[in-house]
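Single-letter residue listing:
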Amino acid sequence: PPTPLSTNPREPLWVFGYGSIVWNVGFEYVSMRTLCARGFRRRFYQGSTDHRGTVEFPGRTVTLEHCDAREVVWGAAYEVSPEHRERVIEYLEKREKQYDARIEMDLFDSADEGAEPVIRNAVTYIATPSEYNLNWLGDAGDLAEQIARARGPSGENCEYLYNLAIAMRDIGVEDDHLYNLEAAVRAIRGD
């Protein structure tokens, strides 16, 4: 079982979304803010065998990779009311089952190094290299090819990528890696 959360159960829970949660939230929330986390970057390293691919041909979804503390990853922070907190945690534990780590992180409203956190201990789920279906191999060309061809019970892998890129643009997030990968997949597929 995951480590107990450090936040007070009688206070709101903040959930940091950096992938499909941004375009397919799936839970009730009070408010949303576009914020960033330090020392992480969004990467399509998580193998998806249950939604956007199969065991024979895994799709790829995003996770957060630890990196230099000067880098930030932008996403959507969702405030969950105390009365919905446990239900949302249960929902996320099922939804994010292929991610092997539930972590808490501070969130910022500025990428400036001297910025102070505006939210402490937001919850998110990440995959680490120890995850059995994690795909850490392949350069950007291989990544784009795999995303262009993979399909699973939830649909084509490229739909995940396209929906994420649209959602990030909608909340004003700049992410060259994401948008370059989107362009590469569109070129392969002729979209």
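Residues numbered from 1 in each chain as written. Predicted model: local features only at pLDDT ≥ 70, side-chain atom pairs only at ≥ 80, totals over all residues. Heavy atoms only, no water.

Asks: What exactly am I supposed to notice about the overall build of the protein here?
Replies: Across its full length, the protein carries 5 helices and 9 strands. In the protein, the succession of α and β elements from N to C terminus is β-α-β-β-β-β-α-β-β-α-β-β-α-α. On C-alpha atoms alone, the protein measures out to a radius of gyration of 16 Å, which is about the 16 Å that the 2.2 N^0.38 rule sets for 191 residues. Seen through its principal axes, the protein has C-alpha atoms that stretch 50 × 35 × 30 Å. A total of 191 residues make up the protein; the buried ones form 51% of that total. When contacts within the protein are restricted to residue pairs at least 6 apart in sequence, long-range pairs at least 24 apart make up 76% of them. Surface summary for the protein: the accessible area is close to 9,400 Å², and the carbon and sulfur share equals 49%. Positive and negative charge centroids in the protein, built from 21 and 32 side chains respectively, lie 2 Å apart. (Helix = DSSP H or I, 4+ residues; strand = E, 2+ residues; numbered from the N terminus. Rg over C-alpha atoms; globule rule 2.2 N^0.38 Å. Buried < 20%, exposed > 50% of the residue type's maximum accessible area, 1.4 Å probe, protein only. Contact = heavy atoms within 4.5 Å. Areas by Shrake-Rupley, 256 points an atom, 1.4 Å probe, with all protein chains shown as cover. Lys, Arg positive; Asp, Glu negative; His and termini not counted. Charge placed at Lys NZ, Arg CZ, Asp CG, Glu CD.)

Asks: Would you mind showing me how to read the pairing of strand S3 (residues 40–48) here?
Replies: A regular strand carries its side chains on alternate faces of the sheet. Counting buried residues along S3, 8 of its 9 residues qualify, which places the element largely inside the surrounding structure. Strand direction decides the pairing type here: S3 and strand S4 (residues 59–66), joined by 7 bridges, are antiparallel. Opposite Gly-47, over in S4, you have Arg-60 as the bridge partner. (Pairing = 2+ DSSP bridges.)

Asks: Could you clarify how one ought to interpret the packing of aromatic side chains in this entry?
Replies: What describes a pair of aromatic rings is the distance from one ring centre to the other and the angle between the planes of the rings. All chains considered together, the criterion is met by 7 aromatic pairs. On the numbers, 6.5 Å between centres and 35° between planes, the contact of Phe-16 with Tyr-18 is tilted. Look at Phe-16 and you get buried, because its relative accessible area is 1%. With a relative accessible area of 5%, Tyr-18 lands in the buried category. Ring pairs connect the aromatic residues Phe-27, Tyr-29, Tyr-78 and Tyr-91, which therefore count as one cluster. Directly above the aromatic system of Phe-108 lies the positively charged group of Arg-38, at a separation of 4.5 Å from the ring centroid. (Phe/Tyr/Trp six-rings, centres within 6.5 Å; stacked < 30°, edge-to-face > 60°. Lys NZ or Arg CZ within 6 Å of the ring centre and 35° of its normal.)

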